[in-house]
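# Architecture at a glance
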Amino acid sequence: FLLSCRALGRGVEDALLNFILHGAQKKEYKRAVGLFSATKKNQQVAGFYHKHGFRLKEKGEEGERWEIVFENHQFEIPQWFKVKAQDEGKCQKMN
């Protein structure tokens, strides 16, 4: 996901990831995969997946592949974090 540098570091990125992982766990998925491709502008989040319990599974020219297995993990969503969902028919796909 993409997050403005103005919001980065205020906990929004942590809350959003936990929201996504909590939802996947609730739907009985067993694991999640995250991809990171380093650039000059995103080095400040290079440790993001590691910080959240993901393990590095693969590192190559195109980036890193991280994985978290949900067993023994609780994903807490802060009370201040709210998600407003739209009807899928009204959402636009991003290319």
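In what follows, the structure referred to is the one given above.
Residues numbered from 1 in each chain as written. Predicted model: local features only at pLDDT ≥ 70, side-chain atom pairs only at ≥ 80, totals over all residues. Heavy atoms only, no water.

### Looking at the pairing of strand β3 (residues 63-69)
As paired strands, strand β1 (residues 31-36) and β3 are joined by 6 bridges and run antiparallel to one another. Along β3, the bridge assignment pairs R31 with V69. Taken together, the 5 bridges between strand β2 (residues 55-60) and β3 define a ladder with antiparallel strand orientation. Within β3, the position partnered with L56 by the bridge is W66. What sits between β2 and β3 in their antiparallel hairpin is a turn of 2 residues. (Pairing = 2+ DSSP bridges. Helix = DSSP H or I, 4+ residues; strand = E, 2+ residues; numbered from the N terminus.)

### Things to note about the environment of A15
You can see A15 is positioned in helix α1 (residues 12-26). What makes A15 buried here is its relative accessible area of 1%. Taking C-alpha positions, A15 is 6.5 Å from P78, a pair spaced 63 residues apart along the chain. Aside from chain neighbours lying at most four places away, what touches A15 is P78, W80 and F81. (Buried < 20%, exposed > 50% of the residue type's maximum accessible area, 1.4 Å probe, protein only. Contact = heavy atoms within 4.5 Å.)

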